[in-house]
Amino acid sequence: MNTHIATFHSIRTRSILLLNRRTQLIACLIFIGTMLSSIIPPFQSPDEFDHIKRAYLLSQGQLILVSPPNASSGGYIDNGLLQYMDGFTHLPFEEKHTVARETIEHARQSRWQHTANFSIAPGTGYYFPLVYLPQAAGLLIGQALDLSVDLSYRLARLLALSATLGLLFFAARIYPTNLLTLALLALPMTVFQMVSATLDGTTTALAILCLSLFMRACDRSMAYPKWMSWLLGMALLLLVNSRTHLLPLLALPLVIYFFRKRTLDLALCAGLTVTALAWLFIAMRYTIDLRVARSASLGEIIGYYLSKPLAFPSVLWATLMDSETRQYYQQAFVGKLGWLDLQFQDWFYNLSLLFCAAMAALSVQWSTLRQDWRVRVCLAACAGISLLLVFFLLLVTWSKHPAALIEGVQGRYFLVPCILLAYALKGQATLVSGNRRIIGLLLLYLYLLMLSVVMPQELIYRYFAN
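Residues numbered from 1 in each chain as written. Predicted model: local features only at pLDDT ≥ 70, side-chain atom pairs only at ≥ 80, totals over all residues. Heavy atoms only, no water.

Re the overall build of the protein chain
Working step 1: Looking only at helices and strands, one finds 19 helices and 4 strands in the protein chain.
Working step 2: Relative to the 2.2 N^0.38 estimate, which gives 23 Å for 466 residues, the radius of gyration of the protein chain is 23 Å and therefore close to what a compact globule would have.
Working step 3: Relative to its 466 residues, the protein chain shows a buried fraction of 53%.
Working step 4: Once local pairs closer than 6 in sequence are excluded, the contacts in the protein chain between residues at least 24 apart make up 82%. (Helix = DSSP H or I, 4+ residues; strand = E, 2+ residues; numbered from the N terminus. Rg over C-alpha atoms; globule rule 2.2 N^0.38 Å. Buried < 20%, exposed > 50% of the residue type's maximum accessible area, 1.4 Å probe, protein only. Contact = heavy atoms within 4.5 Å.)

Have a look at this one:
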């Protein structure tokens, strides 16, 4: 009897400590996120103007962009929102342009006008609209309560951050994450995107939720009820239709079928694949993007590279062998903030990469390799194919044709493939324990402490120093 009581108290104590650590980490992220959100001016994430337009259109019930003759795709946007945006269009790509006090005061006085003009937003036409629900909810609530456009925008930011953190916390409850994933979430590029009103925070959290559900399903020692299969299907639907380079993740339900032998997972795999391809066809059919002048249509460019199997590997190799491009990828992955116009000092990039390498080493688990190597190979394969898709998609949609180098690739596009690799390193082992766990958490909190000092300083210097 005493033994059972002692065991119960031991399990209860470990559960409380684990929950406390998760709560502490979430509290740190909320603190850092709200602090940075109060500093960062509106629309300073790449293409955030267009993302907010798309969220506004969703709040008005519009799911697909419209394309007037001789114009890129877009929609009819409230004039008050357009005027609010105009106050911040001088900042992107201009390192010397800062935010004046008059600009802030004018932005705070902006009101919804309930009249609309057409405005283009072609870069968002390929994204599944429901992924904008948090931002759309913020804008809709702002309009319903007759808040200023500025407060409505801030509410959209807050709801997007809340949705991201909520998904991350829920994913951690389903299946434990790993130290490398936590390190990747702590990078300034990831944090900056989380506190913006774009899709990156939400899609990253959705990816981690999908991986948590997948890892739990492949672990036969854990229960995997049907509602988790449906949840994985819905999360994948939002994710892959908003991040095309993550289409390989559609294979996850198929892998789960071989572990659980449940027809539902096989049906979900088939249904998701058909739905994803259908949405991709609709998005390509109805989205017109005239921002990049191309000598051939998208279909012709794709056909060119499919007919010449060595053409894509050749231009990919040339891109990766370019030293300036490789340095840019490293810096942009850690953090080139704003519209890629805010750069940290070299020591910070080197320290951040060393931090990620250390957390990767601490995350590796060899003890379960024999029992879960199939799961690890699947995750590593998805990561590799996703990385290749990043380059191929930017080659056919954003680069000049025929291309010498692949243009438009940003370091943040590598985040989810790296998270896939992080889960492959860890496998199905539980959270690392002992000294490795202590060292990993210590490194994480030290890095977050450094980030909370360095990042606000750089943001204030970039946007507000005269």
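Notes on the nonpolar core
Working step 1: Of all hydrophobic cores here, the largest spans 134 residues; its most connected members are Phe214 and Leu459.
Working step 2: Considering each element in turn, this core owes the most residues, 12 residues, to helix α9 (residues 200-218).
Working step 3: Aside from chain neighbours lying at most four places away, what touches Phe214 is Leu252, Val255, Ile256, Val375, Cys378 and Leu379. (Core = buried A, V, L, I, M, F, W, Y, C linked by side-chain atoms within 4.5 Å.)

Examining the side chain of Arg54
Working step 1: Positionally, Arg54 belongs in helix α2 (residues 48-59).
Working step 2: In this structure Arg54 is buried but unpaired, with Asp50 as the nearest side chain of opposite charge at 10 Å.
Working step 3: Looking at Arg54, its side chain comes within polar contact range of the main-chain oxygen of Leu63, at 2.8 Å.
Working step 4: Every residue in contact with Arg54, bar those within four places of it in the chain, is listed here: Leu63, Leu65, Thr124, Gly125, Tyr127, Pro129, Tyr132 and Trp279. (Lys, Arg positive; Asp, Glu negative; His and termini not counted. Salt bridge = Lys/Arg side-chain N within 4 Å of Asp/Glu carboxyl O. Polar contact = N/O pair within 3.5 Å; in protein donor to acceptor, adjacent residues only side chain to side chain.)

Focus on the pattern of salt bridges
Working step 1: Evaluation of the coordinates by the stated rule reveals 9 salt bridges.
Working step 2: Here Arg154 makes a salt bridge to Asp150, at a shortest N to O gap of 3.6 Å. Here Arg154 and its partner Asp150 are both found in helix α6 (residues 149-174), 4 residues apart, which amounts to about one turn of the helix.
Working step 3: Judged by its relative accessible area of 28%, Arg154 is partly exposed.
Working step 4: The partner of Asp200 in a salt bridge is Arg412, and the shortest N-O contact between them spans 2.7 Å. With a gap of 212 residues between them, Asp200 in helix α9 and Arg412 in the loop between α17 (369-397) and α18 (415-426) connect regions that are remote in the sequence.
Working step 5: On the accessibility criterion, Arg412 (14% relative accessible area) is buried.
Working step 6: Three or more residues joined by partner-sharing salt bridges are found here, namely Asp200, Arg243 and Arg412.

Observations concerning empty space enclosed by the protein
Working step 1: All chains considered together, the criterion is met by 3 cavities of 30 Å³ or more.
Working step 2: What the second largest cavity holds in volume is close to 40 Å³.
Working step 3: Lining the second largest cavity are Leu29, Ile32, Gly33, Leu161, Leu165, Val191, Met194 and Val195.
Working step 4: Secondary-structure elements contributing two or more residues to the lining of the second largest cavity are α1 (2-39), α6 and α8 (188-194).
Working step 5: Residue contributions to the lining of the second largest cavity peak at 3 residues, all from α1.
Working step 6: Of the residues in the lining of the second largest cavity, the class split is 7 nonpolar, 1 polar and no charged. (1 Å grid on protein atoms, 1.4 Å probe; cavity = no way out; pocket = protein on both sides within 12 Å on 5 of 7 lines; lining within 4 Å. Points joined across faces, edges and corners; volume = space filled by probe spheres on them. Nonpolar A, V, L, I, M, F, W, Y, C, P; charged D, E, K, R; others polar.)

Topic: the pairing of strand β1 (residues 74-78)
Side-chain positions along a regular strand alternate between the two faces of the sheet.
Working step 1: When you tally the buried positions in β1, you get 4 out of 5 residues, the bulk of the element.
Working step 2: Note that β1 and strand β2 (residues 116-120) share 5 bridges and pair antiparallel. Across the sheet, residue Gly75 finds its bridge partner in β2, namely Ser119. (Pairing = 2+ DSSP bridges.)

Remarks on the environment of Thr34
Working step 1: Tracing the chain through its elements places Thr34 in helix α1.
Working step 2: Given the relative accessible area of 39%, Thr34 is considered partly exposed.

Remarks on the packing of helix α7 (residues 179-186) against α18
Working step 1: Interhelical geometry of α7 versus α18 gives an angle of 160° and a closest axis separation of 8 Å. Taken together, the axis directions place α7 and α18 in an arrangement best described as roughly antiparallel. In terms of crossing hand, the pair formed by α7 and α18 is right-handed. Residues Leu180, Thr181 and Leu184 of α7 form the contact with α18, whose own contacting residues are Leu415, Cys418, Ile419, Ala422, Tyr423 and Leu425.
Working step 2: Taken together, the residues that form the contact of α7 with α18 break down as 8 nonpolar, 1 polar and no charged. (Axes fitted to C-alpha atoms, helices over the stretch in contact; angles between N-to-C directions. Parallel < 35°, antiparallel > 145°, perpendicular 65-115°, else oblique. Left-handed = near helix turned anticlockwise from the far one by under 90°.)

With respect to helix α15 (residues 323-335)
Working step 1: End to end, α15 covers 18 Å across 13 residues, agreeing with the expected 18 Å (1.5 Å per residue, within 8%).
Working step 2: Here α15 has its buried residues at Thr325, Tyr329, Gln331, Ala332, Phe333, Val334 and Gly335. (Expected span 1.5 Å × (residues − 1).)

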